[in-house]
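# A look at the structure
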Amino acid sequence: MRTVIFRTIAPYLSALMVLFSVFVLLRGHNAPGGGFIGGLIAASAFAIFGIACGVAAVRRAIIFHPMALSAFGLFIAGLSGLPSLFLRQPFMTSQWWYIHAFGVEIPLSTPLIFDIGVYFVVVGAISSIALALEERESD
Amino acid sequence: MPLSGPEATVYAVLAPFAAAVIAPLMVRLFKHNAAWPLALVPAFVFLHFAGFVGAIAHGETFTPSLDWAPTYGVTLSFYLDGLSTLFALLISGIGTFIILYSGGYLKGHPHHGRFFSFMFMFMGSMLGLVTADNLITLFVFWELTSITSFLLIGFDHLRRASRRAALQALVVTGGGGLALLAGFLLIMSLTGEANMSALLAGEDILRQSPAYAAVLILVLGGAFTKSAQFPFHFWLANAMEAPTPVSAYLHSATMVKAGVYLLMRMQPVLGDTLLWTTILPLFGGVTLIFGTLLAVRQTDLKLMLAYTTVASLGLLVMLTGTSLDKAIEGAALYLLAHSLFKGALFMVAGTVDHEAGTRDITRLGGLRGAMPITFAAACLASLSMAGLPPFIGFIAKEYLYEGIWEAPSGALALTATAVIGNALMLVIAAAVALRPFTGQKADTPKHAHEGPILLYAGPVVLSVTGLVAALVAHTTGEYFVGPTVSSIIGRFEEINLHLVPTHIGAPLYLSVATIVLGVLLYLRLDALRAMMANTLTAIGWGPDKGFDQAISAIVRLATAVTRFVQAGKLQVYMVMTFIITALALLVPTYLAGAWPQNFSVPQFRFYEWAILVIAVAGLIAVLIAKTRLTAIVSLGIQGFAVAVIFMLFGAPDLSFTQFMVETLSVVILALVMTRLNLTPRDHRKLGDQLFDGAIAIAVGFGFATVLMRITELPFDPRLSVFFSEYANAIAHGRNIVNVILVDFRGIDTLGEISVVMVTGLAVLALIRVRPKRRPLETGEDTGPAKTEEPKELEAAK
């Protein structure tokens, strides 16, 4: 599997896929996409990178343990439900803020934070499984 | 809420729990002297409950309450009448001295603070139990006492015997607690009342109900296990593994009386029926005789006292079971007397053990010179236990003899049982008070001397109280015994207690007979003990052994069931899962006759046909694939084709996800396959292949028919209309799928991603489990694998 071509291309391909996954994540609210799909794309990016350049390289690249990413995702997803409680609305009622920066209106919302949480959970869980399996393959 | 008056009862019940929190800190600050400030907590609780005595003596009751779980009608309500107040006073009063005693007894123990915590938690639970009005609240406190008792018996958790005794107590009393819960639920559904006070004031529904026998047996299941009635008495003797303060407090003065409390509490609504007056005296009487005989057999001070506690509980159950006013007066008096003398005697036994190093009466003797105060307390308490004047035990015995002597039926049997039981009790009382202290000075493991004030304060105060309560018999009767009796018999009754019998009659003769019999037996104690020992050896089997046999039978059954259900072969699991799936799909369809009606070839465009053909080609490739890896990759062809179909029919999100899932599952499956060291080819026999193929076809056919049938039904557009109307309007999103996922059904998604994460963790753990025969692994992975192996071994056993 580790041909020269694959090993040369894989980092660029992975980087592009991660970038694309973020794009898919952020457009999700209005166009096909979202946290789940984005997470799957990023997870496959890490899987490809791992197959091409070894698991150690992936672990270095993402710094944190993938399971920690997953936990972080679940944490912020849960957290995103809390602001509404302070406004005496039910848990997870969506809140929207419109921020004007650089001449554009950027809509921020608790569902967006929630979706980012979903993204991290999926990336973390899937890539920790894939990486662990790849790691075992090599020994 | 006010800090005094009935409403403050909630604070009184919660105060020990607060003390449990601060106790470890206090011990760190003041060492064993923390007992002094800590003992103030039960002392204040005692004063709180003492404040009601006057009003309750005049027939008043209090029902302060606080909403706890209003949705389920569970209130934190309390019911204060004579019975609950007497119990609360005993718990807090004796508790005060037990806390002091614990300070001296466990001085220097590394977990002294933890011990205090457990004790206070127990105290709070017990107070809650006896004052609770709501049945469910009562049950919760009931189970809490079982749990705290478990913690206290197993306090010395490094000893195997302690752990076993703790577990045994938890299984027996916890199991009884479940029966009690069932009984309570039945009572609540029969009467519609959840509160004890309402139940007692309401109409006589339970005794008229056809389910009366069921209610009674369930309630007795709880009461008999808690109060160690035969044949559940064994746990109480084993509970003596606990430190002595625990034995003195839980297993003589308070917790084991919870069962008796419950019977007394329910007497007005459940008692005085043929079933009640048969079962209770029978079990109580057997327990009384059996307990005293087993006590005679022991040489360990604590075990002797433990078995007489069993016997005393039997006596109380027997008396309550007669449903006669006079006998119940005797029971109430005996309850008070027993708590005082038995608590004191246990503490004496603990002090002797603590100072002399042993509590075996054959190795003790002549300690009266070294421990005069302890000896005095032991004598006072024993005289009360033996039922001699002028002690409260004597009055109790007079009243109970009077009660059962006049019983309309079975008077002779009851009286004989009581006389023999009390005579044997006198034997034990004499043995406990005299053997360690009189006679020749024996060589004890430790050089015995008087304990500190922390150790003798409790026994002295409790035994002297037993004397004073008898000397001021009139006051005791008016303020403590009378109200209690009124609660048990369910109507107001004034009691006129006299220390000196008002007339010479049957009770006095019976007392004399008891004393004569007891003295005669005491003189032959050693012969009696040898005889009992021989008898028990001849029988060779007891409920204690039976408990072990039952537990190991349960473990064997569980192992057998697990072995059967969890065969440990992935193939078996997969086959079972798919067979069940096929049945779940096909059986309801067959039963409802809901097969698809219209088979028509749809009008597809040519490229749509092409994709279908690719999907089918992928499946054929799976079937004819030579190696497993080829088969997995070929399955991917079919998956991608389906993703394209989703795309063509207007579900971009679904298609997108399908693509990714398909890619990742092919990658992960391929990785797993290479990991499993499988042979590259499939070597199933033709028969197996046909069987597996049949399952696959059944599942596929099932899904196809269900889906076809569903699409034939008229489409209900309400949900789609709602989502397409409101997705952008209120959730500011045009991608309906995403809006549903992150907004409308956000909580569902939250649950799902939690599952995703837990699955990830589980898979990670599974991957890291290494086969046992390969210990030569390096790196961080070996850590968890090593710790997991012993667990597996244990589970396999």
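Residues numbered from 1 in each chain as written. Chains lettered and ligands numbered in written order. Predicted model: local features only at pLDDT ≥ 70, side-chain atom pairs only at ≥ 80, totals over all residues. Heavy atoms only, no water.

A few words now on the overall build of chain B. When its secondary structure is counted, chain B shows 32 helices and two strands. Taking 797 residues into account, the globule formula puts the C-alpha radius of gyration at 28 Å, and chain B, at 35 Å, lies well above it. In terms of overall dimensions, chain B has a C-alpha envelope of 115 × 65 × 55 Å along the principal axes. Counting across all 797 residues of chain B, residues that qualify as buried make up 48%. Expressed as a percentage of contacts within chain B between residues at least 6 apart in sequence, the contacts between residues at least 24 apart total 77%. Computing the positive centroid from 49 side-chain charges and the negative centroid from 48, chain B places the two 13 Å apart. (Helix = DSSP H or I, 4+ residues; strand = E, 2+ residues; numbered from the N terminus. Rg over C-alpha atoms; globule rule 2.2 N^0.38 Å. Buried < 20%, exposed > 50% of the residue type's maximum accessible area, 1.4 Å probe, protein only. Contact = heavy atoms within 4.5 Å. Lys, Arg positive; Asp, Glu negative; His and termini not counted. Charge placed at Lys NZ, Arg CZ, Asp CG, Glu CD.)

Turning our attention to helix α25 (residues 606–624) of chain B. Residue and element names in this part refer to chain B. Across its 19 residues, α25 extends 27 Å between first and last C-alpha, which sits within 8% of the 27 Å expected from 1.5 Å per residue. All of the buried residues in α25 are Glu608, Ile611, Ala615 and Gly618. Looking straight down α25, one finds that the buried residues subtend no more than 75° of arc, so they occupy a single side. Of the residues in α25, the exposed ones pointing more than 90 degrees away from the buried face are Phe606, Val613, Leu623 and Ile624. In this structure, the buried residues of α25 make contact with α26 (628–648). (Expected span 1.5 Å × (residues − 1). Arc of directions from axis to C-beta.)

Let us look at the environment of Gly702(B). Its place among the elements puts Gly702(B) in helix α28 (residues 686–712). Setting aside residues up to four positions removed in sequence, Gly702(B) forms contacts with Leu585(B) and Leu586(B).

What follows covers empty space enclosed by the protein. Rolled over the atoms, a probe sized like a water molecule indicates the empty space that remains. Going through the model one piece at a time under the given rule, you end up with five cavities of 30 Å³ or more. Quantified by volume, the largest cavity comes out at close to 70 Å³. Partitioning the lining of the largest cavity into residue classes produces five nonpolar, four polar and one charged. (1 Å grid on protein atoms, 1.4 Å probe; cavity = no way out; pocket = protein on both sides within 12 Å on 5 of 7 lines; lining within 4 Å. Points joined across faces, edges and corners; volume = space filled by probe spheres on them. Nonpolar A, V, L, I, M, F, W, Y, C, P; charged D, E, K, R; others polar.)

Listed under "domain: Na+/H+ antiporter MnhB subunit-related protein" (unreviewed entry) in the UniProt record, and renumbered for this structure, are residues 5–127 of chain A. Counted over residues 5–127 of chain A, helix gives 70% and strand 10%. Its end C-alpha atoms are 23 Å apart. (UniProt positions renumbered as here; feature names shortened; annotations may be inferred.)

A few words now on the packing of aromatic side chains. Residue and element names in this part refer to chain B. Scanning all chains against the criterion turns up 25 aromatic pairs over all chains. With 5.2 Å between their ring centres and 65° between their planes, Phe604 and Trp609 make a pair best called edge-to-face. Given the relative accessible area of 29%, Phe604 is considered partly exposed. Look at Trp609 and you get partly exposed, because its relative accessible area is 36%. Judged by centre distance (6.4 Å) and plane angle (65°), the rings of Phe604 and Phe649 are edge-to-face. Taken together, the residues Phe604 in the loop between α24 (570–592) and α25 and Phe649 in the loop between α26 and α27 (652–675) connect sequence positions 45 residues apart. By relative accessible area, Phe649 is classed as exposed at 51%. An aromatic cluster is built from Phe722, Phe723, Tyr726 and Phe744, whose rings are joined through pairwise contacts. (Phe/Tyr/Trp six-rings, centres within 6.5 Å; stacked < 30°, edge-to-face > 60°.)

What follows is about the UniProt feature "transmembrane region" (unreviewed entry) in chain A. Residues and elements named next belong to chain A. The residues that UniProt annotates with the feature "transmembrane region" (unreviewed entry) are residues 12–29, 35–57, 69–87 and 112–133. Spanning residues 35–57, this segment combines 96% helix with 0% strand, and its end C-alpha atoms are found 25 Å apart. Taken end to end, residues 69–87 is 79% helix and 0% strand, and its two terminal C-alpha atoms sit 29 Å from one another.

On to the domain arrangement of chain B, then. Looking at chain B, the domain boundaries give domain 1 (160–549) and domain 2 (611–680). Put simply, the middle of domain 1 of chain B and the middle of domain 2 of chain B, counted by C-alpha atoms, are 75 Å apart. (Domains from an automatic or database assignment.)

All names here are of chain B. Residues Phe120, Trp235 and Leu270 are the most contacted members of the largest nonpolar core, which totals 187 residues. With 19 residues, the top contributor of residues to this core is helix α15 (residues 325–356). In contact with Phe120, not counting residues within four places along its chain, are Pro16, Phe17, Ala19, Ala20, Ala23, Leu38, Val41, Pro42 and Ile99. (Core = buried A, V, L, I, M, F, W, Y, C linked by side-chain atoms within 4.5 Å.)

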